[in-house]
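Architecture and fold: a report
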Amino acid sequence: MKLLLVGLDGVRVDLALPDVVAGDPAFSAPDHPADPRFVAGPRESPVQEGTTERVAPTLTRLAAGGRVVPVWVTPPTDSGPGWASLLTGTTHEQNNVWWNEFVGHRLARCPDLLSQVFFADPRARTFAACTWPALVDPSGSGPVIHTRPDQQVGGQHQLFGATDFTDGCRSADRQVRTRAAWVLNHEGPDAAFVHLEGTDEAAHRHGSAGPEYLEALAAADEHVRYLVKAVAERYEQLGEDWLVAVTTDHGHKPEGGHGEDEVVVRRSFLLLHRIGGRLPPALLDLGTLRSHEVVPALLAAVGVRPGSYAANHPVGEVRDVPSTGPTRDLRFEW
Ligand SMILES: [Zn+2]
């Protein structure tokens, strides 16, 4: 089974898929508390009530033919720690990404899901296209997705970062969507990640309670339709088996903004849909997830098993000898 993961930045799933959220109590409150360092101020953001039917017809159709798993993001709910956790399957403590500056990150030892697919089989072909440069740009502050230049030489690993910001993230998202749809349709990589940011930009500019945010949700939904259409055609014409997944790194307060522990900000989702077939049992059995549990679930579903040392092998440990000079113990003098 091939994998397409779409990351929609800053999506309020209660607005994108209101019926799904209303119908599953696991979406009502976080499954684990926030670290006190990242709690919001005293005011609790009211969850907006609105008429949002059909704002996201593609996501609604994908959900109807698949399932939507509740995901609760662990604060801080900024994009850097959010995507670092969602895309590598590691916690903030493991990857040390706490803010969008990525200072002190340990991403080199926390490979992204595409790299984990490659490590499982070096023949694997992988692709990522992203609007946010921190995810794929080697000259940026990340990147979260490993560049793997050896695999890029022959096109086995392709990275595309948006360059057209003439209309902000709207033009960048269109560029990313168009490139991604082409590569998905013509080349069918074994695993792909596509990141779109228009929803996040709209909420930062206008808040998430108004028509601008719903328009951005609708635009993101239409981008997803292009991507799904690309892989659905490969199913139809070539019989390829595709798992489509959609997620977000955080929601948005009604007035716009995120980073702390409000329910509307911490609430995420993992939408799962198998093109032309039923989801594998492992995905049907999934309960509520935390962001670092998304990658292991997806990799298991597509048949990727991580390699490992025997337990207790001190892999990656860095220690130095003290500079106190020799002990003169002749057993260790050589
Ligand atoms: Zn974000």
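The name given to the protein chain in an unreviewed UniProt entry is Alkaline phosphatase family protein, and the organism recorded there is Kineococcus mangrovi.

Quick word on the environment of cysteine 169
For cysteine 169, the location among the structural elements is in helix α9 (residues 169-187). Overall, cysteine 169 belongs to the buried group, its relative accessible area being 7%. Sequence separation of cysteine 169 and tryptophan 132 is 37 residues, and the distance between their C-alpha atoms is 8.7 Å.

Re the layout of surface pockets
A volume near 490 Å³ is recorded for the largest pocket. Lining the largest pocket are 18 residues; nearest its centre among them are Arg109, Pro111, Gly307, Ser308 and Val315. With three residues, the single largest contributor to the lining of the largest pocket is helix α6 (residues 113-120). Each residue belonging to the lining of the largest pocket can be placed in one class, and the counts come to nine nonpolar, seven polar and two charged. If you go around the second largest pocket, you meet 18 residues; those closest to its centre are Arg170, Gly198, Glu201, Ala202 and Ala216.

Quick word on the pattern of salt bridges
By the definition in use, this model includes 17 salt bridges. Two residues, aspartate 35 and arginine 37, come together in a salt bridge whose shortest N-O distance is 2.9 Å. Judged by relative accessible area, which is 29%, aspartate 35 ranks as partly exposed. Ionic pairing is found between arginine 274 and aspartate 241, a salt bridge with its closest N-O pair at 2.6 Å. Here aspartate 241 lies in the loop between α11 (211-238) and β7 (242-247) and arginine 274 lies in strand β8 (residues 267-274), a separation of 33 residues in the sequence. By sharing partners, the salt bridges in this structure join Lys2, Asp190, Arg234 and Glu240 into a single network.

Quick notes on the packing of helix α10 (residues 198-206) against α11
The interhelical angle for the contact between α10 and α11, taken along N-to-C directions, is 175 degrees, at an axis separation of 8 Å. By the angle between their axes, α10 is roughly antiparallel relative to α11. On the side of α10, the interface is formed by Gly198, Thr199, Ala202, Ala203 and His206, while α11 contributes Glu212, Tyr213, Ala216, Leu217 and Ala220. Here the contact of α10 with α11 is built from residues that sort into six nonpolar, three polar and one charged.

Description of the coordination of the zinc ion
Around the zinc ion, the protein supplies Asp9 (OD), Ser79 (OG), Asp249 (OD) and His250 (NE2) as donor atoms, at distances of 1.9 to 2.1 Å. Taken together, the four donor atoms surrounding the zinc ion define angles of 97 to 128 degrees at the centre, an arrangement classified as tetrahedral. Donor residues binding the zinc ion come from one chain and are separated in sequence as D-x69-S-x169-D-H. When its relative accessible area of 0% is taken as the criterion, aspartate 249 is described as buried.

Cut-offs applied
- Residues numbered from 1 in each chain as written.
- Predicted model: local features only at pLDDT ≥ 70, side-chain atom pairs only at ≥ 80, totals over all residues.
- Heavy atoms only, no water.
- Helix = DSSP H or I, 4+ residues; strand = E, 2+ residues; numbered from the N terminus.
- Buried < 20%, exposed > 50% of the residue type's maximum accessible area, 1.4 Å probe, protein only.
- 1 Å grid on protein atoms, 1.4 Å probe; cavity = no way out; pocket = protein on both sides within 12 Å on 5 of 7 lines; lining within 4 Å.
- Points joined across faces, edges and corners; volume = space filled by probe spheres on them.
- Nonpolar A, V, L, I, M, F, W, Y, C, P; charged D, E, K, R; others polar.
- Salt bridge = Lys/Arg side-chain N within 4 Å of Asp/Glu carboxyl O.
- Axes fitted to C-alpha atoms, helices over the stretch in contact; angles between N-to-C directions.
- Parallel < 35°, antiparallel > 145°, perpendicular 65-115°, else oblique.
- Contact = heavy atoms within 4.5 Å.
- Donors = N, O, S within 2.8 Å, 3.2 Å for Na, K, Ca; no water.
- Tetrahedral: all angles 85-135°; square planar, octahedral: opposite > 155°, others 65-115°.

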